[in-house]
Amino acid sequence: MTVLHWIVGILLLISALVMIVTVLLQSSERSGLGAISGAAETFFGKNKAKGMDAKLALITKICAIVFVVLSIVMMFLG
């Protein structure tokens, strides 16, 4: 393996790990049984979480694009 293979492989691994972590940190869209009993979040709590979820979603999308591009590069490197 050449140095380029190692670099692309390490970047591929890092992007995969970051993508996994950001997906796991995102909150669920379902409120579950808490909505029935009135234990759902208030309007302000949801907006605060949406800001963080939006950032995590953006990071996930960027990591997914980087992952696909690096996978294609790795394929062409052979």
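Note that the structure is predicted; figures quoted are calculated from it, not measured. (Residues numbered from 1 in each chain as written. Predicted model: local features only at pLDDT ≥ 70, side-chain atom pairs only at ≥ 80, totals over all residues. Heavy atoms only, no water.)

**A closer look at the overall build of the protein chain**
Our working definition: Elements are defined by DSSP. Helices are runs of H or I of four residues or more, strands are runs of E of two residues or more, and each kind is numbered from the N terminus. Partly exposed describes any residue whose relative accessible area lies between the buried limit of under 20% and the exposed limit of over 50%, with all areas from a 1.4 Å probe on protein chains only and scaled to the type maximum. All accessible-area figures derive from a Shrake-Rupley calculation using a 1.4 Å probe, and residue coverage is judged against the displayed protein chains alone.
Counting its secondary structure elements, the protein chain contains three helices and zero strands. Going from N to C terminus, the protein chain has its helices and strands arranged as α-α-α. In the protein chain, which comprises 78 residues, the share counted as buried stands at 15%. Counting every atom, the protein chain has about 6,200 Å² of accessible surface; 77% of that belongs to carbon and sulfur.

**Structural notes on the environment of Phe67**
Rule in force here: Contacts between residues were defined by any pair of non-hydrogen atoms, one from each residue, lying within 4.5 Å.
Following the sequence through the fold, Phe67 ends up in helix α3 (residues 43-77). As a C-alpha pair, Phe67 and Ile14 span 53 residues in sequence and 9.1 Å in three-dimensional space. Excluding anything up to four places from it in sequence, Phe67 contacts Leu12, Ser15, Ala16 and Met19.

**Remarks on the environment of Lys55**
Inspection of the secondary structure puts Lys55 in helix α3. For the pair Lys55 and Gln26, spaced 29 residues apart in sequence, the C-alpha to C-alpha distance is 9.5 Å.

**Notes on the environment of Ile65**
Among the secondary structure elements, Ile65 is positioned in helix α3. The spatial distance from the C-alpha of Ile65 to the C-alpha of Ser15 is 9.4 Å, given a sequence separation of 50 residues.

**Structural notes on the side chain of Thr22**
The test is simple: Polar contact is defined as a pair of N or O atoms within 3.5 Å, subject to the rule that within protein one atom must be able to donate a hydrogen and the other to accept it, and that residues adjacent in sequence are counted only when both atoms are side-chain atoms.
On the secondary structure map, Thr22 appears in helix α1 (residues 3-25). The buried category is assigned to Thr22, whose relative accessible area is 6%. Looking at Thr22, its side chain comes within polar contact range of the main-chain oxygen of Met19, at 3.0 Å. If near-sequence neighbours (up to four positions away) are discounted, Thr22 is found in contact with Leu56, Ile59 and Thr60.

**Focus on the confidence of the model for the protein chain**
Short version of the rule: Values of pLDDT, which run from 0 to 100, indicate the predictor's confidence residue by residue.
On average, the protein chain scores 82 in pLDDT, and the residues at 70 or more come to 73%. Within the protein chain, α1 carries the highest mean pLDDT (94), whereas helix α2 (residues 34-37) carries the lowest (55).

**A few points about α1**
Quick reminder of the rule: To estimate the expected span of a helix, subtract one from its residue number and multiply by 1.5 Å.
Helix length check: α1 (23 residues) gives 33 Å between terminal C-alpha atoms against 33 Å at 1.5 Å per residue, within 8%. Among the residues making up α1, those that are buried are His5, Val8, Leu12, Ser15, Ala16, Met19 and Thr22.

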